[in-house]
Amino acid sequence: AQTVTQSQPEMSVQEAETVTLSCTYDTSENNYYLFWYKQPPSRQMILVIRQEAYKQQNATENRFSVNFQKAAKSFSLKISDSQLGDTAMYFCAFMKHIPGANSKLTFGKGITLSVRP
Amino acid sequence: DVKVTQSSRYLVKRTGEKVFLECVQDMDHENMFWYRQDPGLGLRLIYFSYDVKMKEKGDIPEGYSVSREKKERFSLILESASTNQTSMYLCASSSFGQMNTEAFFGQGTRLTVV
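Residues numbered from 1 in each chain as written. Chains lettered and ligands numbered in written order. Predicted model: local features only at pLDDT ≥ 70, side-chain atom pairs only at ≥ 80, totals over all residues. Heavy atoms only, no water.

A closer look at the overall build of chain B
And then number 1: The helix and strand tally for chain B stands at zero helices and eleven strands.
And then number 2: For chain B, the succession of helices and strands along the chain, N to C, is β-β-β-β-β-β-β-β-β-β-β.
And then number 3: Radius of gyration (C-alpha) of chain B: 13 Å, near the 13 Å computed for a compact globule of 114 residues.
And then number 4: Out of the 114 residues belonging to chain B, those deemed buried represent 50%.
And then number 5: A separation threshold of at least 6 residues defines the contact pool for chain B, and within that pool the share at least 24 residues apart is 55%. (Helix = DSSP H or I, 4+ residues; strand = E, 2+ residues; numbered from the N terminus. Rg over C-alpha atoms; globule rule 2.2 N^0.38 Å. Buried < 20%, exposed > 50% of the residue type's maximum accessible area, 1.4 Å probe, protein only. Contact = heavy atoms within 4.5 Å.)

Some points on the nonpolar core
Residues and elements named next belong to chain A.
And then number 1: Grouped together as the largest cluster of nonpolar side chains are 26 residues, with contacts concentrated most on Leu21, Trp36, Leu77 and Tyr90.
And then number 2: Counting residues per element, this core draws most heavily on strand E10 (residues 88–96), which supplies four residues.
And then number 3: Residues contacting leucine 21, with those up to four places away along its chain left out, are Gln8, Met11, Trp36, Phe75, Ser76, Leu77, Ile79, Tyr90, Ile111 and Leu113. (Core = buried A, V, L, I, M, F, W, Y, C linked by side-chain atoms within 4.5 Å.)

A look at the pairing of strand E8 (residues 64–69) of chain A
Residues and elements named next belong to chain A.
And then number 1: As paired elements, strand E7 (residues 60–61) and E8 share two bridges and run antiparallel to each other. Residue pairing across strands places glutamate 61 opposite phenylalanine 64, the latter belonging to E8.
And then number 2: Connecting E7 to the antiparallel partner E8 that follows it, the hairpin turn spans two residues, and asparagine 62 within it adopts a positive phi of roughly 55 degrees.
And then number 3: Judged from the six bridges that link them, E8 and strand E9 (residues 74–79) form a sheet pairing that is antiparallel. Directly across from asparagine 67, in E9, lies its bridge partner serine 76.
And then number 4: Connecting the antiparallel pair E8 and E9 is a turn made up of four residues, with lysine 73 showing a positive phi of about 55 degrees. (Pairing = 2+ DSSP bridges.)

Side note on the state of the cysteines
What makes a disulfide is a covalent bond joining the sulfur atoms belonging to two cysteines.
All names here are of chain A.
And then number 1: Inspection of the entire model under this criterion finds two disulfides over all chains.
And then number 2: Here cysteine 23 engages in a disulfide with cysteine 92; their sulfurs sit 2.0 Å apart. Disulfide cysteine 23-cysteine 92: the torsion about the S-S bond is -70 degrees, which places it as left-handed. You can see cysteine 23 sitting in the loop between strand E3 (19–21) and strand E4 (24–26) and its partner cysteine 92 sitting in strand E10, a full 69 residues away along the chain. Here cysteine 23 matches cysteine 92 in class, with each residue buried. (Disulfide = S-S within 2.5 Å.)

Structural data, given as structure tokens:
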């Protein structure tokens, strides 16, 4: 079974600064996907960024980027130029790739990020 | 604009009541999921369905059942609600296939059992 660990329950960052959220996972699979989801106070869960395990290049989406270390089973999220709207709970998630079949997301416990004005 | 809609944002039920949480998606997705979210525990999968009338147990199925009679609708049923089922419930859907791995979520139902 896969596990996803987010060891920091809370973090705080000053507006316009950079913050990194940590995530590690444990799996024996070789093909899988990793995700960061954001849940703001409105409770609507939104996909922030996605990484395919077979890709060596780290994914980037505007101010959001990841540091994917497959051997270390580490998947951290870096938020640059933090904005007040980034205040939310962030979840790291794992999904194994099963050709021709369905799979499900396994989530970490989440981290609450507060951006200070 | 893709949409997953849960029937209630807030719900208060009494212990022993039968509770239905409804979820509808308009994206023609094959897969639908019910998660439970609790502070400090993250999201835990209760049940999922990858086709009409098909279902599979997730990590914490005890005390719950599900129904999927139509592709767009996935219902979570608490046969006899208990106070330890007070929680936030999130429905999600996704498309089958390698290139469409994103899951879309509803806005959540906060259920209180008294």
